[in-house]
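If you want the building blocks of each chain, they are given just below.
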Amino acid sequence: MRSETEKTGAEPGDRASASSLLDEALAYVYPAALRAVATVGVADHLADGPLTVTALASRAGVEEDSLRRVLRVLATRGVFEELGDDRFGLTTVGQALRSDVPISARQAIIMITDRTLWQPAGEIERSLRTGGSIFEDLFGMSFFAYIAKNQDTAAVFHHGMAAFSDQENEPIAAACDFPERAVVVDVGGGHGGFLLEVLRRRPDLHGVLFDEPHVVAGHRLDTDDVKDRREVVSGDFFTEVPAGDVHVIKRVLHDWDDDRCVTILRTCRQAMKETGRILVIDAVIPPGGEPHQAKTLDLLLMAAFPGRERTEAEFARLFATAGLRLSRIVPTGTVLSVIEATAAETP
C-alpha cells in the first residue's frame, strides 16, 4: 500500500505548514471581533458578572445571534469565558475592555482598528510595491492632514493614544532620570498623561505640555496636585518649542520620516539649555527574529504614516544629523525605551 507521500507527493510537514499559514491568514477576524465588542461596550455590561447572551444583547443594543457568534470567537482567545447555559463572562484578560477600570485598553483598540489604520494595513501589498505610505492614495491627503479636517477621527486618535500610553506611563516615568527642580517640556505630549505621571512622581519638577491647539485643549493637567506646576503651550514642533532643562519626545518620532525627525530634534536642540538633555521615548527594534511589538507596529507605520520604528543605529544617525549625541538607552520594562541625547561636542 502506498504512503500518503507517495500518493500526493507531499511531505508530512507540508500539510501542517499549510494549516498554520491558513490560521495566520484568518487572524484578522480576531481584531475585527475585538473592535466590535469594544465599540458597543459589551465588557461594561459584564462588569458585575456573567450574563446570558439574550440579556447582554438587550443591554448592548445589538442582535443576539451575531453577538453569540462574536463572543464565541473571542472566548477562544481568552477575552471572554463561555460558561454554559448560553452565558458569557469576562476573563482577567478581558477586564481591560471595560471603560471604567484604571487602565482601559478600549479606546486604544478602537483607535488601532479604525478604518484610517485598518484600511492601509489591508493594502500593504501596494506599499510593498511602491514603497512608503499609501494613506494619501486611499484618503486623498496625509494622515495628520486628514485628522486635522475630521474631528471625530481626531478624537478617536488622541483618546486612543492616551489610552495606549496609560498602561506604560508609570514604568517609563520611573525609568527617566530628571535633574532636581528641572523644567520638563513634553513635546507633542498629547493630553498630558505622561507628564502628569512625571509630575506626580517628582513634586520638585515643573512641566510644560506642548502640542497643537486642538490637542492640548483636552489636556489632563488640571488636577489639584500638579496644576500649580504646569504650563500648557500650543504650537508647531517643526518650528519652535518652549525652553527647558529636559525635552521629552514620546511616541512622536516614529510617526515621521528622517528629515522631519531631524527638524523636530533641532528645534528641541535650540530650545534646551547647555547642559540639557532630550529624552526620546520610543521603541528600539532589537536584532534577531524574536517577536517584538515594534516590528508589527512598523508595518502599520509603513502603510499609514511617513514614519517608522528604528534601531539603535538609526536613532544614532538621526541624533548626529541634528547636532546631538546618543548618550545611553534605558529599558523601561515596556516595549519602549528611553533614548537619551545630549548636545554633540563641537570641533
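Residues numbered from 1 in each chain as written. Predicted model: local features only at pLDDT ≥ 70, side-chain atom pairs only at ≥ 80, totals over all residues. Heavy atoms only, no water.

## Re the UniProt feature "active site" (unreviewed entry) in the chain
Then comes step 1: Mapped onto the present numbering, the UniProt feature "active site" (unreviewed entry) falls at His 254.
Then comes step 2: For His 254, the location among the structural elements is in the loop between strand S7 (244-250) and helix H16 (258-271).
Then comes step 3: His 254 has contacts with Asp 282, Leu 297, Leu 301, Gly 307, Arg 308, Glu 309 and Arg 310, leaving out every residue within four places of it along the chain. (UniProt positions renumbered as here; feature names shortened; annotations may be inferred. Helix = DSSP H or I, 4+ residues; strand = E, 2+ residues; numbered from the N terminus. Contact = heavy atoms within 4.5 Å.)

## A closer look at the side chain of His 247
Then comes step 1: Relative to the helices and strands, His 247 resides in strand S7.
Then comes step 2: Those residues in contact with His 247 that sit more than four places away from it in its chain are Val 185, Val 187, Val 241, Pro 242, Cys 268, Ala 271, Met 272, Arg 277, Ile 278 and Leu 279.

## Side note on the packing of aromatic side chains
Then comes step 1: This structure, assessed with the given rule, holds 13 aromatic pairs.
Then comes step 2: Measuring from centroid to centroid gives 4.4 Å for Phe 135 and Phe 139, while their planes differ by 20°, and the two rings are stacked. Placement of the pair is Phe 135 and Phe 139 together in helix H10 (residues 135-139), with a separation of four residues, close to one helical turn.
Then comes step 3: Each ring, one from Phe 144 and one from Phe 305, has its centre 5.7 Å from the other, and the planes form 65°; the classification is edge-to-face. Here Phe 305 lies in the loop between helix H17 (293-304) and helix H18 (312-321) and Phe 144 lies in helix H11 (residues 143-149), a separation of 161 residues in the sequence.
Then comes step 4: Of the residues examined, Phe 144 reaches a relative accessible area of 22% and is grouped as partly exposed.
Then comes step 5: Chaining the aromatic ring pairs together yields one cluster made of Phe 135, Phe 139, Phe 143, Phe 144, Tyr 146, Phe 157, Phe 237, Phe 238, Trp 256 and Phe 305.
Then comes step 6: A cation over an aromatic ring shows up here: Arg 77 above the ring of Tyr 30, its NZ or CZ 4.3 Å from the ring centre. (Phe/Tyr/Trp six-rings, centres within 6.5 Å; stacked < 30°, edge-to-face > 60°. Buried < 20%, exposed > 50% of the residue type's maximum accessible area, 1.4 Å probe, protein only. Lys NZ or Arg CZ within 6 Å of the ring centre and 35° of its normal.)

## Observations regarding the sheet that holds strand S6 (residues 230-234)
Sheet strands line up and pair through hydrogen bonds in the backbone, either parallel or antiparallel.
Then comes step 1: Strand order in this open sheet of seven strands is S6-S5-S4-S7-S8-S10-S9, and the pairing throughout is mixed. Here the strands that pair on one side only, and so sit at the sheet edges, are S6 and strand S9 (324-331). For this sheet the average axis-to-axis angle between neighbouring strands, irrespective of direction, equals 20°.
Then comes step 2: For S9 and strand S10 (residues 337-343), the ladder comprises seven bridges, and the chain directions are antiparallel. Bridge pairing links Leu 326 to Ala 341 in S10.
Then comes step 3: Sitting on the sheet, helix H14 (residues 193-201) touches strand S4 (183-187), strand S5 (206-211), S6, S7 and strand S8 (272-282), and the angle it makes with S5 is about 175°.
Then comes step 4: The sheet strands contacting H16 are S4, S7, S8, S9 and S10, and the helix crosses S8 at an angle near 145°. (Pairing = 2+ DSSP bridges. Axes fitted to C-alpha atoms, helices over the stretch in contact; angles between N-to-C directions.)

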